[in-house]
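# Fold and geometry: a report
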Amino acid sequence: MAHYRVPGLSVAVIEDCRIVDARGFGSTMWDGPPVTPETRFQAGSISKSVTAIGALRLVERGTLSLDGDVQLQMKGWSYDKARGPVTLRQLLSHTAGTNLEGMKGYLPGEPRPTLAQILRGEAPANTPAIVVESNPGSRWNYSGGGYIVTQALMGEVTGKEFAPLMHEFVLEPLAMASSSFEQPPSDANGTPSAQGTSDDGSPLPGKWRVYPEMAPAGLWSTPSDLGRFAIGLARSVRGESGAIIGKDAAAQLMTRGPGNWGLGVDLGPTDGARQISHTGKNVGFTSMFIIYPDSCQGAVVMTNGYDGGWLINEVVRAISDVYRWPAANKLPARAALPLSGPIIERFVGTYRLRDFPAERFSITRNSDGELVWAREGHVGRSLLPETDGKLFSPDSVMTIEALSPSEPRASAVKLSFGGGSNIAERTD
């Protein structure tokens, strides 16, 4: 936790559709009260999974159509139909062609936009208007913007505010008593909330960010509550009592689409045991849930660390070892070459992502002579050479490969994290 600059971590372990262990580690903020299993964290994009279940419950009631044009059911958002109709199924599976991957959030107390202003990209919204950038259904493109549209759609068809609607349809039925989509969170019921951490490890100014974009990013929860959610999903897939959605809706949830995604959930690799998962990252918080529905094993890990995702990966791998999960949640075995002068010359430098120019990273040598990858101000990752033209991280799935291995000094590299790749161009 110290290495990854994570003040607090909370975990719940699921075995045989039961939460068999729940613990807190560290503190709700640096030098603050200890984290307990009851401490709430921002769930980030895990909000999308919970939202998807709320939407599917409305589909089951006939209130929403999964495959009809959403324009026929809402007035608060419109789009150019020249590319084809947008459906709820596409919005939930990141195939609607909508923009906006993630949200910045708002400082507590500063002006917050209405949902209509967010959709139109009008001040005080700090994100652009939600538009359709590619043909709906043509490809997978992770889009928080699509879930903002879903939030508006669910509100229009029910006439209810999103937070109480989600409480009625998902949180209350699954006994998620410590969870809420309310913005900002309220500690009136005695449930403590963790405070976020900046990318340099310092306390986050304002404690956390407020997300009126509730459907993609607004959930506050605990690992135990999200464990109950995961168990509800597994029981739905298994057709057991305690399910949150019926058999037909569960089949839709688990239908694998582009990018190996179902409706609001990552279904993982095509081979091996079935799994349901999602990660979450808001400013200052990181989280993850995973469950294998056939054996009903899984875990939820939440942190108030900006770079807590690296730590979560290690914790989840450890849990999978101890509880003997059905899937091999292990890093691929790789043999490393000796680190040579030509390899150092080829990779050491600064880079920026071609598609996201603001995202930059460096590859440097530390005091021990090892290669280290790091975003500016963030915790770094050790790198080892797999070949003369490819580096790998021994404690994650990240790889970095020179696009032209014959270049003595790589002008561009491919950065991969397992779920996709980005091209980065040298800037030095």
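Residues numbered from 1 in each chain as written. Predicted model: local features only at pLDDT ≥ 70, side-chain atom pairs only at ≥ 80, totals over all residues. Heavy atoms only, no water.

### Topic: the pairing of strand E1 (residues 8-15)
Along any regular strand the residues' side chains alternate between the sheet's two faces. What counts, and what does not: For the exposure calls, accessible area comes from a 1.4 Å probe over protein chains only, and a residue counts as buried if that area is under 20% of its type's maximum, exposed if over 50%, partly exposed in between. Under the DSSP-based scheme used, a helix requires at least four consecutive residues in state H or I and a strand at least two consecutive residues in state E, with every element numbered from the N terminus. By the convention used here, strands pair only if DSSP detects at least 2 bridges between them.
With seven of eight residues buried, E1 is to be regarded as a mostly interior element. Judged from the eight bridges that link them, E1 and strand E2 (residues 18-26) form a sheet pairing that is antiparallel. Bridging across to E2, Ile14 finds its partner in Ile19. Here E1 runs beside strand E7 (residues 297-303); their pairing, made up of six bridges, is antiparallel. Its bridge partner lying in E7, Val13 is registered against Ala299.

### Regarding the environment of Val13
Spelled out, the test is: Contacts between residues were defined by any pair of non-hydrogen atoms, one from each residue, lying within 4.5 Å.
Within the secondary structure, Val13 sits in strand E1. Along the chain, Val13 and Val301 lie 288 residues apart, while their C-alpha atoms are 8.8 Å from each other. Those residues within four positions of Val13 in sequence are excluded, and the remaining contacts are Arg18, Ile19, Val20, Asp21, Gly298, Ala299, Ile319 and Tyr323.

### Regarding the sheet that holds strand E6 (residues 285-292)
Applied cut-off: Axes here refer to lines fitted to C-alpha atoms; in helices the fit is confined to the stretch in contact. Angles between the N-to-C directions go from 0 to 180 degrees.
The strand order across the open sheet built from five strands is E2-E1-E7-E6-E5, with neighbouring strands paired in antiparallel fashion. Whereas interior strands pair on both sides, the edge strands pair on one side only; in this sheet they are E2 and strand E5 (276-282). Across this sheet, the average inter-strand angle for adjacent strands is 5°, counted without regard to direction. Along the sheet, helix H1 (residues 46-60) contacts E5 and E6; its crossing angle with E5, the most-contacted strand, is approximately 125°.

### Thoughts on the sheet that holds strand E12 (residues 390-392)
The strand order around the closed barrel formed by eight strands is E8-E9-E10-E11-E12-E13-E14-E15, and the pairing between neighbours is antiparallel. The mean inter-strand angle of the sheet, taken between neighbouring strand axes irrespective of direction, is 30°. The sheet contact formed by strand E8 (residues 349-353) and strand E15 (residues 421-426) spans three bridges and is antiparallel. Its bridge partner being in E15, Arg352 is matched across the sheet by Glu425.

### Considerations on the pairing of strand E14 (residues 412-416)
With four of five residues buried, E14 is to be regarded as a mostly interior element. As paired strands, strand E13 (residues 399-402) and E14 are joined by four bridges and run antiparallel to one another. For Thr399, the partnering residue across the bridge sits in E14 and is Ser416. In the sheet, E14 pairs with E15 via five bridges, with the strands oriented antiparallel. Bridged to Lys414 within E15 is Ile423.

### What to know about the packing of aromatic side chains
Filter applied, for reference: In this analysis, rings of Phe, Tyr and Trp, with Trp reduced to its six-membered ring, are considered paired at centre separations within 6.5 Å, and the interplanar angle assigns stacked below 30 degrees, edge-to-face beyond 60, and tilted for intermediate values. Note on criteria: charge over ring means Lys NZ or Arg CZ within 6 Å of the ring centre, with the direction from the centre no more than 35 degrees off the ring normal.
Applying the stated criterion to the full structure yields twelve aromatic pairs. Here Tyr142 and Trp261 contribute two aromatic rings whose centre-to-centre distance is 6.0 Å and whose plane-to-plane angle is 65°, an arrangement assigned as edge-to-face. Taken together, the residues span a long stretch of sequence, with Tyr142 in the loop between helix H3 (115-120) and helix H4 (144-158) and Trp261 in the loop between helix H8 (247-253) and E5 at a distance of 119 residues. The class for Tyr142 is buried, based on a relative accessible area of 18%. Under the relative-accessibility criterion, Trp261 is labelled buried at 9%. Through successive ring pairs, a cluster of aromatic residues spans Trp310, Tyr351, Phe361 and Trp373. The ring of Tyr306 carries the charged tip of Lys281 above its face, separated from the ring centre by 4.0 Å.

### Concerning helix H7 (residues 223-238)
In plain terms, the rule: Here the expected span of a helix is defined as 1.5 Å times the quantity of residues minus one.
When the terminal C-alpha atoms of H7 are compared, their 22 Å separation across 16 residues agrees well with the 22 Å that a helix rising 1.5 Å per residue should span. By the criterion of burial, H7 is predominantly enclosed, with 13 of the 16 residues buried. Of the residues one or two after H7, Gly239 is the one with positive phi, at around 70°.

### Focus on H4
Working note: α-helix, 3.6 residues per turn, so residues spaced by three or four point in the same direction. For H4, built from 15 residues, the straight-helix expectation of 21 Å at 1.5 Å per residue is met to within 8% by its first-to-last C-alpha distance of 21 Å. Counting buried positions along H4 yields eleven of 15 residues, so the element is predominantly enclosed. Taken together, the buried positions of H4 are occupied by Gly144, Gly145, Gly146, Tyr147, Ile148, Val149, Thr150, Gln151, Ala152, Leu153 and Met154. Buried positions along H4 lie against H1, helix H2 (88-92), H3, helix H5 (162-171) and helix H6 (214-217).

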